[in-house]
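Geometric and topological summary
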Amino acid sequence: MRYQDEEFIATSDLLFEGVLRDVRKSREALQPIYEALTNAFEAIKCRIDKDKTFHSSNGSINIVIKAQATTDVDNPEFSSISIQDNGIGFNDEDFKRFNTYKDFTKGFSNLGSGRIQYVHYFDNTRIISVFREDELYYKREFTVSKRNEYLKAHNALVYHKICAKTDDENIGTLLIFNGLLENSKVYNDLTANILKYDIIKKYLSYLCKHRDTFPCISIKYEVNGEERDEQNITKQDIPSIDKTDYAVLHYQKIAADGKSYEQLEKTEKFTIDSFRISNGFLTQNALKLTSKGVIVNESPIVLQNLASNTSINGCKYLFLVSSEYIDKQDSNVRGELKIPTKNNAIKGDLFDPEFITLDDIQESVTTKIDSMYPEIQKKKVEAENQLEEIKQLFHYSSADIEEAGININDSEDKIIEKIHEVESKKGANLDIIIKRSYDSLKSLDTSDANYEKTLKQKTKELVKAIPLRNKNALTQYVARRGLLLDLFEKILGKQTDIQIANPDKHREDLLHNLFFHQHSEDSINSDLWMLNEDFIYFNGISEALLSKVQIDGENLFTDEFVKKEDEYLTSLGEDRTKLRPDILLFPSEGKCIIIEFKAQEVNISKYLDQINKYAGLILNYAQPKYNMSVFYGYLIGESIEPRDVQIADGHFENAYQMDYMFKPADIVRNFFGRPHGSIYTEVIKYSTLLERARQRNRIFLKKLNMIKH
């Protein structure tokens, strides 16, 4: 077939406006360049196969990026880009193939849809090609565009300008992209250096496999015709394949029941090429499928063995998976694959009757990577252990983990956030069920014959939903307790960051704030439950001057105390109004709980009288209406020697079974003619409190069926 000069290449059985809607614009901005570059590689290979005097070392591809200067001298604007190769050129047969939509005859698993990306991105693409036929040389020139004079007037995308004999014997093709249809930062920022590394990353599989034979590739960048940069891609730029392994997978088909899958004897081999690349070149670990030697950027499988940002010995890892099966599943938009998943393979009309699923590819490749690199498997196990630790800490179920879609790239924060989203959704669904149950109960007709039966059913639904909703809330509450107990243990073991940074500094405040934050009056949101479950329900204050203590907004002490009018308060050169009990709680009228924390290294026996002094001051100087007379004291530390305590105060007894010491009742003397008070005091270790609290938490978990033992 000989094409006429000055002719639009139209077709009567294909509407190109429909084709442009069918083959959508690629999400990858540089796709037209990649399409042209792929054609250049193929054209050079065709020439090598056909011309025995032309060798791989003769192949060349020259790219020129042109930009125009703007008022912003540092930001030129993209103008055009040309790609010139010395491949076989466009003879009549190749030109016919170029103009036939979905032509498969060229090989290379092509679909003939590359030119669609040309017109999606550029106003016009000019192509000038020299080829040899019957020992004569010809030059062909044509333009690709979707302008109205092409598309609407002639139902064409190609205008064939001329094909004639020529004296030019420089076989090859020059392609020029002109008139970017939409302003693009990607193109405006494009330089020789940027495009060089974009090409290497995109064609890494092809370049690695043809490391010694790929064409010479040069890239120039010009601004207003002045060359600003030139780069060459050589084999020194291409990382070597570190390891290669293979996965052999069986094809499947839909079974006769239309719901399950049947494995076939037919198999396909998938090649896994791995690269260990320095962090400077490869910023993230990745697993990618490749189609026809080109990396599929939006790969439908992911690296499950290693987090994307993890380095091992200063290197990142890239795994490229190739197969004839993948090449055959490429779609109209190059790189968008038609490989089914197990979930959608059942839709047989969308996929081939015999197929391999993405799930099987993912599973097999993931297993192979573990065997290829033990150091990666070690990192994977570490990540799995981290997830298991979080799972145990917050009592997440395996179902929650699976539903949340946790993957190896998720940080601890992200894992918790994802699971909370799942739990929130479940909580919302339960609330919907509860609301619907209530609404339906309201609409029941008591005179209806089925009233009792319907009421019973609706009530069962409601009773079932409410406990589950409450259980979820209680689970979060108990999980928070578990977190606090682990922190308590770390503080006691001096394993927190602040303790490690200052190992010699006593940090009583860390323990104090763990129980009840200093200078706070919000006892209900404190964690005093670690001492006694009831304590969070009492009014109280943490770390406050005695003279400033209030109950329900009123001062605890008389004005005389506040104004320092009593001689005792300032006797012996002391100012007893500036005393600061660690915690005061007021469970009911006439009662006060006094809690004192001491650093772990402090000998408790030296401070046995401290709580009694506070009790005495409160008894004598509190306003009479509060009638303070019954006190409970808790002196908490870790360095407790029972004999020291009993030598200092012989009234203390050992509670051997509970591992603490107590003084049943002691007198708190009143000096103003009112009755004396009494005080019960305990001396107890932090470690004992921790064990008690853990035991209570375990009881909660058993009740919730969250642990078995």
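The structure contained in this document is the topic of the report that follows. (Residues numbered from 1 in each chain as written. Predicted model: local features only at pLDDT ≥ 70, side-chain atom pairs only at ≥ 80, totals over all residues. Heavy atoms only, no water.)

**Here we look at the overall build of the protein**
To keep it simple, the criterion reads: Numbering of helices and strands runs from the N terminus, with a helix taken as a DSSP run of H or I at least four residues long and a strand as a DSSP run of E at least two residues long. Relative accessible area decides the class of each residue, using a 1.4 Å probe on protein chains only: under 20% of the type maximum gives buried, over 50% gives exposed, and in between gives partly exposed. Throughout, a contact is declared for two residues whenever any of their heavy atoms are within 4.5 Å. Exposure was quantified through the Shrake-Rupley algorithm and a 1.4 Å probe, taking into account, for residues, occlusion by the shown protein chains and nothing else.
A tally of helices and strands in the protein yields 20 helices and 23 strands. Taken over 709 residues, the protein has a buried fraction of 47%. Expressed as a percentage of contacts within the protein between residues at least 6 apart in sequence, the contacts between residues at least 24 apart total 67%. For the protein, the exposed surface amounts to about 36900 Å²; the carbon and sulfur share of it is 48%.

**Digging into the pattern of salt bridges**
A side chain of one charge can pair with a side chain of the opposite charge when the charged atoms of the two come close. Let me state the cut-off plainly: In what follows, salt bridge is the name for a side-chain nitrogen of Lys or Arg lying within 4 Å of a carboxyl oxygen of Asp or Glu.
If you walk through the whole model with that rule in mind, you get 29 salt bridges. Between Glu-182 and Lys-25 there is a salt bridge, with its nearest N and O atoms 3.6 Å apart. Placement of Glu-182 in the loop between β7 (172–180) and α6 (185–188) and of Lys-25 in the loop between α1 (16–22) and α2 (31–50) is noted, with a sequence separation of 157 residues between them. Of the residues examined, Lys-25 reaches a relative accessible area of 29% and is grouped as partly exposed. Salt-bridge contacts for Lys-380 lead to Asp-370; the nearest nitrogen and oxygen are separated by 3.0 Å. In this pair, Lys-380 sits in helix α11 (residues 374–394) while Asp-370 sits in helix α10 (residues 358–372), placing the two residues ten residues apart along the sequence. Taking relative accessible area as the criterion, Lys-380 reaches 14% and is therefore assigned buried.

**Observations concerning the sheet that holds strand β11 (residues 261–278)**
As a reminder, the rule being used: Two strands pair if DSSP finds at least two bridges between them. Fitted lines through C-alpha atoms serve as axes, helices being fitted only where they are in contact, and the angles separating the N-to-C directions of these axes extend from 0 to 180 degrees.
Ordered by their spatial adjacency, five strands build an open sheet running β10-β11-β14-β12-β13, and the pairing between neighbours is mixed. Edge strands, defined here as strands with exactly one partner in the open sheet, are β10 (243–254) and β13 (294–295). Relative to β13, strand β12 (residues 286–291) runs antiparallel, the two being bridged by two bridges. In the strand pairing of β13, Ser-291 is matched with Val-294. Against the sheet, α10 touches β10, β11, β12 and β14 (315–322), its axis set at about 155 degrees to β10.

**Digging into helix α4 (residues 114–121)**
Of all the eight residues making up α4, eight are buried; the element is thus mostly covered by neighbouring parts of the structure. Every buried residue of α4 is accounted for by Gly-114, Arg-115, Ile-116, Gln-117, Tyr-118, Val-119, His-120 and Tyr-121.

**Examining the packing of α2 against α4**
We apply this condition: In this scheme the handedness of a crossing depends on how the near helix is turned from the far one: anticlockwise by less than a right angle means left-handed, clockwise means right-handed. Ten residues, namely Ala, Val, Leu, Ile, Met, Phe, Trp, Tyr, Cys and Pro, are considered nonpolar, four, namely Asp, Glu, Lys and Arg, are considered charged, and the remaining ones, Gly among them, are considered polar.
Their axes nearest at 8 Å, the elements α2 and α4 cross at an angle of 145 degrees. Crossing geometry of α2 relative to α4 is assigned as left-handed. Contact residues: Gln-31, Pro-32, Glu-35, Ala-36 and Asn-39 in α2; Gly-114, Gln-117, Tyr-118 and Tyr-121 in α4. A breakdown of the residues in the contact of α2 with α4 according to their chemical character gives four nonpolar, four polar and one charged.

**Concerning the pairing of strand β9 (residues 226–233)**
The side chains of a regular strand alternate, residue by residue, between the two faces of the sheet. With seven bridges connecting them, strand β8 (residues 216–223) and β9 associate as antiparallel partners. Residue Lys-220 lies in a different strand from β9, and its bridge partner there is Glu-230. Taking the residues between adjacent antiparallel strands as the criterion, β8 and β9 are bridged by two residues, where Asn-224 takes a positive phi near 50 degrees.

**Section: the packing of aromatic side chains**
Applied cut-off: Between rings of Phe, Tyr and Trp, where Trp is taken as its six-membered ring, a pair exists when centres lie within 6.5 Å; planes separated by under 30 degrees are stacked, by over 60 edge-to-face, and by other angles tilted. Two conditions define a charge sitting above a ring: the NZ of Lys or the CZ of Arg must be within 6 Å of the ring centre, and it must be within 35 degrees of the ring normal.
What the rule picks out here adds up to 30 aromatic pairs. Aromatic side chains Phe-131 and Tyr-138 sit 5.5 Å apart centroid to centroid with 15 degrees between the ring planes, which places their arrangement in the stacked category. The pair Phe-131 / Tyr-138 is uniform in exposure class, with both members buried. On the basis of an interplanar angle of 45 degrees and a centroid distance of 6.0 Å, the ring pair of Phe-535 and Phe-538 is categorised as tilted. Given the relative accessible area of 18%, Phe-538 is considered buried. Between Lys-25 and the ring centre of Tyr-121, over which it is positioned, the NZ or CZ distance is 4.5 Å. The lysine or arginine in question, Arg-47, covers the ring of Phe-54, its NZ or CZ lying 4.1 Å from the ring centre.

**Thoughts on the side chain of Ser-274**
Among the structural elements, Ser-274 can be located in strand β11. A relative accessible area of 0% means that Ser-274 is categorised as buried. Apart from the residues within four sequence positions on either side, Ser-274 is in contact with Ile-241, Asp-242, Lys-243, Leu-318, Phe-319, Met-372 and Tyr-373.

**Observations regarding the sheet that holds strand β23 (residues 677–685)**
Hydrogen bonding along the main chain pairs the strands of a sheet, whether they run parallel or antiparallel. Reading across the sheet, the seven strands line up as β15-β18-β19-β20-β23-β22-β21 and stay open at both edges, with mixed pairing between neighbours. Only two strands of the sheet have a single neighbouring strand rather than two, namely β15 (539–542) and β21 (653–655). With direction set aside, neighbouring strand axes in the sheet form an average angle of 20 degrees. As judged from the seven bridges shared by strand β19 (residues 591–597) and strand β20 (residues 630–637), these two strands associate in the parallel manner. Bridge pairing in β20 places Phe-597 opposite Ile-636.

**Quick look at the environment of Ser-308**
Relative to the helices and strands, Ser-308 is located in the loop between β13 and β14. Given the relative accessible area of 17%, Ser-308 is considered buried. Residues Ser-308 and Asp-410, spaced 102 residues apart in sequence, show a C-alpha to C-alpha distance of 9.7 Å. Not counting the four nearest positions on each side in its chain, Ser-308 is found in contact with Thr-283, Gln-284, Asn-285, Lys-316 and Asn-409.

**A look at the side chain of His-120**
Among the secondary structure elements, His-120 is positioned in helix α4. Ignoring any residue separated from it by four or fewer positions in sequence, one finds His-120 in contact with Leu-20, Val-23, Arg-24, Lys-25, Lys-146 and Leu-181.

**As for the pairing of β11**
Sheet analysis places β10 next to β11, joined by eleven bridges and oriented antiparallel. Paired with Gln-252 across the bridge in β11 is Gln-263. Here β10 folds back onto β11 in antiparallel fashion, the turn holding six residues, of which Gly-258 has a positive phi close to 75 degrees. Judged from the eight bridges that link them, β11 and β14 form a sheet pairing that is antiparallel. Residue pairing across strands places Phe-275 opposite Leu-318, the latter belonging to β14.

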